[in-house]
Amino acid sequence: MLTHLLTLSRFAALSLVAVPVAPLIGAAPGKFVIVGMGTAPDLMTIRAQRVIASADILMAEEGNIRTMWPELAAGKVVWEWPHNLRKYYGADPERLTDPARRAEAAKVEQIRHGLVGKIATAVKSGKTVACLQSGDPMMYGMTLFLEMLPAEVPTQIVPGIGAFQAASAALKRSPPYGYDTNAVILTMDDWDGRVDKNELLMRAGSTMVFYTMNLDYPRLFGQLKQHYPPGTPVAVVIDAGDPARERVVRGTVGRFLSEVDHRALPVNRHMLFVGKFLNSGQARKDFTPRITER
Ligand SMILES: C[S@@+](CC[C@H](N)C(=O)[O-])C[C@H]1O[C@@H](n2cnc3c(N)ncnc32)[C@H](O)[C@@H]1O
């Protein structure tokens, strides 16, 4: 028994030496966790709930905690970042010639560095910082923290049910089943500087799924008409995953613009799906011969 106790106390001493930054004996070390919150409160994972319950600090884009997850913030410190946090990320402010843009870029960069510095200090002092993001953080989410934090800061990502998964479920058809295509292209509008332009992506006729941030519908449908037959089905899913508000609006490539008032669609709360999968379902042109003919 005595030997046992001695071994244990030696182990405790070793642990103290090996983990000098731990704030208290036995306390869990801090970490930075990006948490995918799903597209609706009841689409949060159990892992997300556990991480948030154990977090000391919650972070999110400004207004999101108050509007979407207020009850989770009780008793926690809350940090918010401005909507434009990712603007000019990766650009060198010194190379911007317009003084107003240069000043804005420098200001946002300062905010990013300030925030990342706060995260690193909190984590090093043993705190867990949970960064809440709607849907799945790895789809057009705010992941730059992972690139900016020093490598020694422990990080984790809790995946969430994103708009793509929730909207596919609303459609009750699986996007990769395109009858004679297998691929799904997840994309958005052509913003300045992109080389994988949508017209290039359309050439193979794969299923296309658009995250609709500022989507230019007339331009996009002009392009779709060049590459997809006019009868190709189209669907818009609004408020995917929200049991009370979810809605599906259907059309075709040829008639969508005349039949659907795209200007009335709620900004940032809808996704656009284009492809044969909407009608063909799981039917395959090839009927998977390598499996069925053996
Ligand atoms: C910046 S992206 C973030 C997506 C998020 N990370 C996700 O995985 O759901 C925002 C876009 O996702 C889509 N979106 C987000 N939530 C949605 C929802 N509940 N229903 C439909 N589309 C949604 C919209 O196209 C919106 O413009």
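Here goes a summary of the coordinates provided. Quantities reported herein were computed from a predicted structural model and do not represent experimental measurements. (Residues numbered from 1 in each chain as written. Predicted model: local features only at pLDDT ≥ 70, side-chain atom pairs only at ≥ 80, totals over all residues.)

This brings us to the site of the ligand. Taken together, 21 residues lie near the ligand, and Gly135, Met139, Gly162, Ala163 and Ala240 sit nearest. When contributions to the shell around the ligand are tallied by element, the ones reaching two or more residues are helix H6 (163-171) and strand S10 (270-274). By residue class, the composition of the shell around the ligand is nine nonpolar, nine polar and three charged. (Near = placed C-beta within 6 Å. Helix = DSSP H or I, 4+ residues; strand = E, 2+ residues; numbered from the N terminus. Nonpolar A, V, L, I, M, F, W, Y, C, P; charged D, E, K, R; others polar.)

When we look at burial in helix H8 (residues 217-227), the residues that qualify are Leu220, Phe221 and Leu224. Axial view of H8: buried residues confined to an arc of 95 degrees, hence all on one face. In H8, the exposed positions that point more than 90 degrees away from the buried face belong to Pro218, Arg219, Gly222 and Gln226. (Buried ≥ 20, exposed ≤ 12 C-beta atoms within 10 Å, placed from the backbone. Arc of directions from axis to C-beta.)

Strand order in the open sheet formed by five strands is S6-S7-S10-S8-S9, with mixed pairing between adjacent strands. Two strands bound the open sheet, and with one partner strand each, they are strand S6 (184-187) and strand S9 (247-252). With strand direction ignored, the average angle separating the axes of adjacent strands in the sheet is 15 degrees. Bridging between strand S8 (residues 233-238) and S9 involves six bridges; their strand directions are antiparallel. (Pairing = 2+ DSSP bridges. Axes fitted to C-alpha atoms, helices over the stretch in contact; angles between N-to-C directions.)

What the five strands build is an open sheet, ordered S3-S2-S4-S1-S5; its pairing is parallel. Two strands lie at the open edges of the sheet, namely strand S3 (77-81) and strand S5 (155-158), each paired on one side alone. With direction set aside, neighbouring strand axes in the sheet form an average angle of 20 degrees. Sheet strands in contact with helix H2 (residues 46-54) are strand S1 (31-36), strand S4 (128-133) and S5, and its direction is about 140 degrees off that of S1. (Contact = placed C-beta atoms within 7 Å.)

Distances and angles like these do not, on their own, reveal function.
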